[in-house]
Amino acid sequence: MVYTVTFNPALDYVVRMDEEIKPGKTNRTRSEGYYYGGKGINVSAILSELEIENTALGFVAGFTGDAIETGVKAMGINTDFIHLKEGLSRINVKIKTKEETEINGRGPKIDQREQNELFKKLGNLTDGDVLVLAGSVPASLPDDIYEKILESIADREIPVVVDSTGDLVRNVLKFNPFLIKPNKDELRELVGRKMDSFDDIYEAALELQEKGAANVLVSMGAEGAMLVDENKKIHRTYAPKGELKNSVGSGDSMVAGFISGFLKSGNYAEALKLGTAAGSATAFSDSLATKEEIEEVYNRM
């Protein structure tokens, strides 16, 4: 079983406009839609599309939290959310014109009792389960929550995938996560230097492996992706052609595709190919990609 954790789920309100926003004026949308957001939830959604059984963990609150839980279940995802007593799960506004503008809410406060409840659920994971930690941490949670989670499961053989930024990644390397997935900018931040070439990316990935990461997957946008696997072998994929419609969730889709590909084949090259196909398919879609869309991209890579 794959478990994903979304600390701060959201109801994403996506509006599309034909013209740029005019501050101080009334602006009209061309279309709008609601989506159930959060990086872990996105990973769960793509895993379900690829027929990988998974359970979404995290915290929800209020009527927006109820809507998120109902919507995620309707997507065919198992959920085991913790219901907070106070506050509301956030609503994020995504404005799509020629450029994308996001206004993200803060989310509800999570107290110590509710944090303990999450650790209790994680205590039920067993050897062979996979845990995905994705996204930022709300202000009400301690900065070392990722470290505490990895420490709490260190006595079991549970591959951990970490898709976040900065210290959240840097500080868990000592726990030997199975996979980390920075993009080029996040990789630059992690190692503190520029990435001017593929050799630079490879050397940076090796540095993160020396600090504990087993596999380092670097997403590079239009340049595709590079994986340095636990055997120090380089795998490359090039970005498939297609019209970019939506960058939100593309990285999460890559993570899910990689996990699915590896669980089904045990092969890193195959995992990278499916991960790239899933990430690209979402980028070419108005929302998260379907299984059919992922397969279409995969088959022409």
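1. Focus on the confidence of the model for the protein chain
For step 1, the next point in the chain: When pLDDT is averaged along the protein chain, the result is 94, and 100% of the positions lie at 70 or above.
For step 2, the next point in the chain: Mean pLDDT across the secondary structure elements of the protein chain bottoms out at strand β8 (residues 100-103), with 88, and peaks at strand β11 (residues 179-180), with 98.

2. With respect to a negative patch on the surface
For step 1, the next point in the chain: Together, Glu49, Glu243, Asp286, Glu292, Glu293 and Glu295 line one region of the surface with negative charge.
For step 2, the next point in the chain: Counting residues per element, the negative patch draws most heavily on helix α10 (residues 291-299), at three residues.
For step 3, the next point in the chain: On the secondary structure map, Glu243 appears in the loop between β14 (234-237) and α8 (250-265).

3. With respect to helix α4 (residues 145-152)
One full turn of an α-helix is made of 3.6 residues, so residues set three or four places apart face in the same direction.
For step 1, the next point in the chain: Ile145, Tyr146, Glu147, Ile149 and Leu150 are the residues of α4 that are buried.
For step 2, the next point in the chain: If you follow the buried residues of α4, they end up packed against α3 (112-122), β9 (130-134), β10 (160-163) and α5 (166-170).

4. Notes on the sheet that holds strand β7 (residues 90-96)
Sheet strands line up and pair through hydrogen bonds in the backbone, either parallel or antiparallel.
For step 1, the next point in the chain: Strand order in the open sheet made by the four strands is β3-β2-β7-β8, with mixed pairing throughout. The open sheet has two edge strands, β3 (31-37) and β8, and neither has a second partner. Within this sheet the neighbouring strands show an average axis-to-axis angle of 20°, counted without direction.
For step 2, the next point in the chain: Sheet topology note: the strand β2 (residues 10-16)/β7 ladder contains seven bridges and is parallel. By the bridge assignment, Ala10 is partnered in β7 with Arg90.
For step 3, the next point in the chain: On top of the sheet, helix α2 (residues 62-74) reaches β2, β3 and β7; it is set at about 85° to β3, its chief contact.

5. Description of the packing of α3 against α4
For step 1, the next point in the chain: Where α3 meets α4, the axes come as close as 10 Å, and the angle between the chain directions of the two elements is 35°. By crossing handedness, the relation of α3 to α4 is classed as right-handed. Facing Leu118, Phe119 and Leu122 of α3, the residues of α4 in contact are Ile145, Lys148, Ile149 and Ser152.
For step 2, the next point in the chain: Each residue belonging to the contact of α3 with α4 can be placed in one class, and the counts come to five nonpolar, one polar and one charged.

6. With respect to the nonpolar core
Across soluble globular proteins, nonpolar side chains have a tendency to be buried as a group.
For step 1, the next point in the chain: If you look at the biggest cluster of nonpolar residues, it comprises 43 residues, and the most contacted ones within it are Phe7, Leu131 and Ile149.
For step 2, the next point in the chain: Counting residues per element, this core draws most heavily on helix α7 (residues 198-210), which supplies five residues.
For step 3, the next point in the chain: Every residue in contact with Ile149, bar those within four places of it in the chain, is listed here: Phe7, Leu118, Phe119, Leu122, Leu131 and Leu133.
For step 4, the next point in the chain: Residues Ala256, Phe258, Leu274 and Phe284 belong to the second largest nonpolar core, which totals 32 residues.

7. A word on the packing of aromatic side chains
For step 1, the next point in the chain: Following the criterion strictly, the structure yields five aromatic pairs and no others.
For step 2, the next point in the chain: Ring geometry for Phe178 and Phe262: centres 5.3 Å apart, planes at 50°, overall tilted. A residue pair is termed long-range when its members are at least 10 positions apart, and Phe178 in the loop between α5 and β11 and Phe262 in helix α8 qualify at 84 residues.
For step 3, the next point in the chain: The exposure class of Phe178 is buried, given its relative accessible area of 19%.
For step 4, the next point in the chain: Residues Phe262 and Tyr268 carry aromatic rings whose centres are separated by 4.8 Å and whose planes lie at 20° to one another, so their mutual orientation is stacked.
For step 5, the next point in the chain: In textbook terms, an aromatic cluster arises when at least three aromatic residues are bridged by ring pairs, as seen for Phe178, Phe258, Phe262 and Tyr268.
For step 6, the next point in the chain: The side chain of Arg236 reaches across the aromatic face of Phe198, ending 4.1 Å from its centre.
For step 7, the next point in the chain: Positioned above the aromatic ring of Tyr238 is the side chain of Arg236, whose terminal nitrogen or guanidinium carbon lies 4.6 Å from the ring centre.

8. Re the packing of helix α1 (residues 39-49) against α8
For step 1, the next point in the chain: Two elements in contact, α1 and α8, have axes whose closest approach is 8 Å; the angle formed by their N-to-C orientations is 45°. When the interaxial angle is binned, α1 and α8 end up oblique. In the crossing of α1 with α8, the sense of the turn from one axis to the other is right-handed. On α8, the residues that touch Lys39, Asn42, Val43, Ile46 and Leu47 of α1 are Asp252, Ser253, Val255, Ala256, Gly257, Ile259 and Ser260.
For step 2, the next point in the chain: Looking at the contact of α1 with α8 residue by residue, the classes come out as six nonpolar, four polar and two charged.

The rules behind these values
- Counting restarts for each chain: residues are numbered from 1 in the order of the written sequence.
- The model is predicted, so local features are restricted to residues of pLDDT at least 70 and side-chain atom pairs to those at 80 or more, both for listing and for counting; the totals for chains, interfaces and linings are taken over all residues.
- As a rule here, side-chain values cover all heavy atoms of the structure and leave hydrogens and water aside.
- pLDDT is defined as a per-residue confidence score from the predictor, taking values between 0 and 100.
- Helix and strand definitions here come from DSSP, where helices need a minimum of 4 consecutive H or I residues and strands a minimum of 2 consecutive E residues; each element is numbered from the N-terminal end.
- Patches were defined on residues exceeding 30% relative accessible area and lacking a salt bridge, with like-charge contacts within 9 Å and nonpolar side-chain contacts (Val, Leu, Ile, Met, Phe, Trp, Tyr) within 5 Å.
- Note on areas: Shrake-Rupley with a 1.4 Å probe; residue coverage comes only from the protein chains shown.
- What makes a salt bridge here is a side-chain nitrogen of Lys or Arg within 4 Å of a carboxyl oxygen of Asp or Glu, nothing more.
- Only four residue types enter the charge count, namely Lys and Arg as positive and Asp and Glu as negative; His and the chain termini do not.
- Charge positions come from single atoms, namely NZ of Lys, CZ of Arg, CG of Asp or CD of Glu.
- Under the scheme applied here, a residue whose accessible area is under 20% of the maximum for its type counts as buried, over 50% as exposed, and between as partly exposed, the area being computed with a 1.4 Å probe on protein chains only.
- For this analysis, residues touch if any pair of their heavy atoms sits within 4.5 Å.
- Two strands qualify as a pair provided DSSP detects at least 2 bridges between them.
- To get an axis, fit a line to the C-alpha atoms, keeping to the stretch in contact for a helix; angles then go from 0 to 180 degrees between the N-to-C directions.
- Handedness of each helix crossing follows the sense of rotation of the near helix against the far helix: counterclockwise by less than a right angle gives left-handed, clockwise gives right-handed.
- Residues are grouped as follows: Ala, Val, Leu, Ile, Met, Phe, Trp, Tyr, Cys and Pro are nonpolar; Asp, Glu, Lys and Arg are charged; every other residue, Gly included, is polar.
- Put simply, a nonpolar core is a bunch of buried Ala, Val, Leu, Ile, Met, Phe, Trp, Tyr and Cys residues held in one set by side-chain atoms that sit within 4.5 Å of each other.
- Side-chain rings of Phe, Tyr and Trp (the six-membered ring for Trp) are treated as a pair once their centres are within 6.5 Å; stacked means planes under 30 degrees apart, edge-to-face means over 60, and tilted covers the remaining angles.
- We call a charge positioned above a ring when the Lys NZ or Arg CZ atom is no farther than 6 Å from the ring centre and deviates by at most 35 degrees from the ring normal.
- Here is the rule for angles: anything less than 35 degrees is roughly parallel, anything more than 145 is roughly antiparallel, 65 through 115 is roughly perpendicular, and the remaining ranges are oblique.

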